[in-house]
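Observations on the three-dimensional arrangement
Here is what each chain is made of, one letter per residue.
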Amino acid sequence: MDKIEEEISLRIKEMMSKRRVNQSDLAKELGVHQYDISRMLNGKPFPSIPQLKVIANYLDCSLYYLIGIQEESYRELTPEAAKVARAYSAADDVMKAIVKRVLDI
């Protein structure tokens with residue numbers, strides 16, 4: 001497994017942990033056996049692009065995040081942090097100014 005594949009596997013494992021998804025859950029989603037997921041996470045064989053898309057959707061993260069193009073976004077945050085991020089994004093300018101002042105950013 002090359003360095004990029006290793007990084008993708010680590011990100012998948014990280015998101016599985018964050019989302020409390022086990023190999024069996026992911027196997028059901030992909031329509032494969034749990035053994036296949038274990039092998040896939042070790043790069044034998046490495047997931048195809050269509051499989052990576054299914055994995056990203058199931059783990060509620062972006063494909064760009066899994067493949068290392070994008071760093072974490074609100075989708076990769078904990079549920080509580082994502083809720084705060086969405087609320088801030090939806091806030092008007094006055095509320096955003098208040099939050100920035102409180103956080104001193």
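The structure displayed is predicted, hence computed values, not measured ones. (Residues numbered from 1 in each chain as written. Predicted model: local features only at pLDDT ≥ 70, side-chain atom pairs only at ≥ 80, totals over all residues. Heavy atoms only, no water.)

1. Topic: the overall build of the chain
To be explicit about the condition: For helices the rule is a DSSP run of H or I covering at least 4 residues; for strands it is a run of E covering at least 2, with both sets numbered from the N terminus onward. The globule rule is 2.2 Å times the number of residues to the power 0.38, and the radius of gyration it is compared with is taken over C-alpha atoms. When a residue's accessible area, from a 1.4 Å probe over protein chains only, is under 20% of the maximum for its type it is buried; when over 50% it is exposed; and in between it is partly exposed. Throughout, a contact is declared for two residues whenever any of their heavy atoms are within 4.5 Å. Per-residue and other accessible areas follow the Shrake-Rupley method at a 1.4 Å probe size, with only the shown protein chains counted as cover for residues.
Summing up its helical and strand segments, the chain has 7 helices and 0 strands in all. Reading the chain from its N terminus to its C terminus gives the helix and strand order α-α-α-α-α-α-α. For 105 residues, the compact-globule estimate of 2.2 N^0.38 gives 13 Å, and the chain exceeds it by more than 25% at 17 Å. Along the first, second and third principal axes, the C-alpha atoms of the chain reach 50 × 25 × 20 Å. For the chain, buried positions account for 26% of its 105 residues. Sequence-distant contacts, at least 24 apart, represent 49% of the contacts inside the chain between residues at least 6 apart. When the accessible surface of the chain is summed, it comes to about 7,300 Å², and 55% of that surface belongs to carbon and sulfur atoms.

2. Things to note about helix H7 (residues 93-103)
The test is simple: In the analysis that follows, any N or O atom pair within 3.5 Å is treated as a polar contact, provided that within protein one partner can donate a hydrogen and the other can accept it, and provided that, for residues neighboring in sequence, both atoms belong to side chains.
The backbone nitrogen of Val94 lies 3.2 Å from a side-chain oxygen of the residue at the head of H7, namely Asp92. In the stretch just after H7, Asp104 is the one whose phi turns positive, near 55 degrees.

3. Regarding helix H6 (residues 79-90)
Inclusion rule: For a helix, the expected span equals 1.5 Å multiplied by the number of residues minus one.
The first and last C-alpha atoms of H6 sit 17 Å apart over 12 residues, in line with the 16 Å expected at 1.5 Å per residue. A small share of H6 lies buried, amounting to 1 of its 12 residues.

4. Notes on the packing of helix H2 (residues 23-30) against helix H4 (residues 49-58)
As a reminder, the rule being used: Every axis in this analysis is a line fitted to C-alpha atoms, fitted for helices over the stretch in contact. Angles between the N-to-C directions lie between 0 and 180 degrees. The labels follow the angle: roughly parallel below 35 degrees, roughly antiparallel above 145, roughly perpendicular from 65 to 115, and oblique for the rest. For any helix crossing, the convention is left-handed if the near helix is rotated counterclockwise from the far helix by under a right angle, and right-handed if that rotation is clockwise.
Where H2 contacts H4, the two axes come as close as 10 Å, and the packing angle between them is 125 degrees. By the angle between their directions, the pair H2 and H4 is classed as oblique. The crossing of H2 and H4 is right-handed. Counted together, Asp25, Leu26, Glu29 and Leu30 of H2 and Gln51, Val54, Ile55 and Tyr58 of H4 form the full contact between these two elements.

5. Re the packing of aromatic side chains
Here is the rule we go by: Note on aromatic contacts: the rings of Phe and Tyr and the six-membered ring of Trp form a pair at centre separations within 6.5 Å, being stacked when their planes are under 30 degrees apart, edge-to-face when over 60 apart, and tilted otherwise. Only when the NZ atom of a Lys or the CZ atom of an Arg is both within 6 Å of the ring centre and within 35 degrees of the ring normal do we say a charge sits over the ring.
Per the stated rule, a full pass over the model turns up 0 aromatic pairs. Stacked on the ring of Tyr65, the Lys or Arg Arg11 has its end atom at 4.5 Å from the ring centre. The ring of Tyr88 is capped by Lys96, whose NZ or CZ atom sits 5.4 Å from the centre of that ring.

6. Section: the confidence of the model for the chain
Let me state the cut-off plainly: pLDDT expresses how confident the predictor is about each individual residue, on a scale running from 0 to 100.
Per-residue pLDDT for the chain has a mean of 86; in total, 92% of the residues score no lower than 70. Here H6 is the element of the chain with the lowest mean pLDDT, 80, and H2 is the one with the highest, 93.

7. A look at the nonpolar core
In plain terms, the rule: What we call a nonpolar core is a set of buried Ala, Val, Leu, Ile, Met, Phe, Trp, Tyr and Cys residues that are connected through their side-chain atoms within 4.5 Å.
Within the largest apolar cluster, 18 residues are counted, with the highest numbers of intra-cluster contacts made by Ile12, Ile55 and Leu59. Only helix H1 (3-18), H2, helix H3 (34-41), H4 and helix H5 (63-66) provide two or more residues apiece to this core. At 4 residues, the largest contribution of residues to this core is made by H1.

8. Topic: a nonpolar patch on the surface
Defined as follows: Within the patch definition used here, like charges are joined within 9 Å and nonpolar side chains (Val, Leu, Ile, Met, Phe, Trp, Tyr) within 5 Å, considering only residues with over 30% relative accessible area and no salt bridge. The term salt bridge refers to a side-chain nitrogen of Lys or Arg lying within 4 Å of a carboxyl oxygen of Asp or Glu.
A surface patch of nonpolar side chains, about 500 Å² in accessible area, is lined by Val94, Met95, Ile98, Val102 and Leu103. Mapped onto the fold, Val94 is located in helix H7. On the basis of relative accessibility, which here comes to 58%, the residue Val94 falls in the exposed class.

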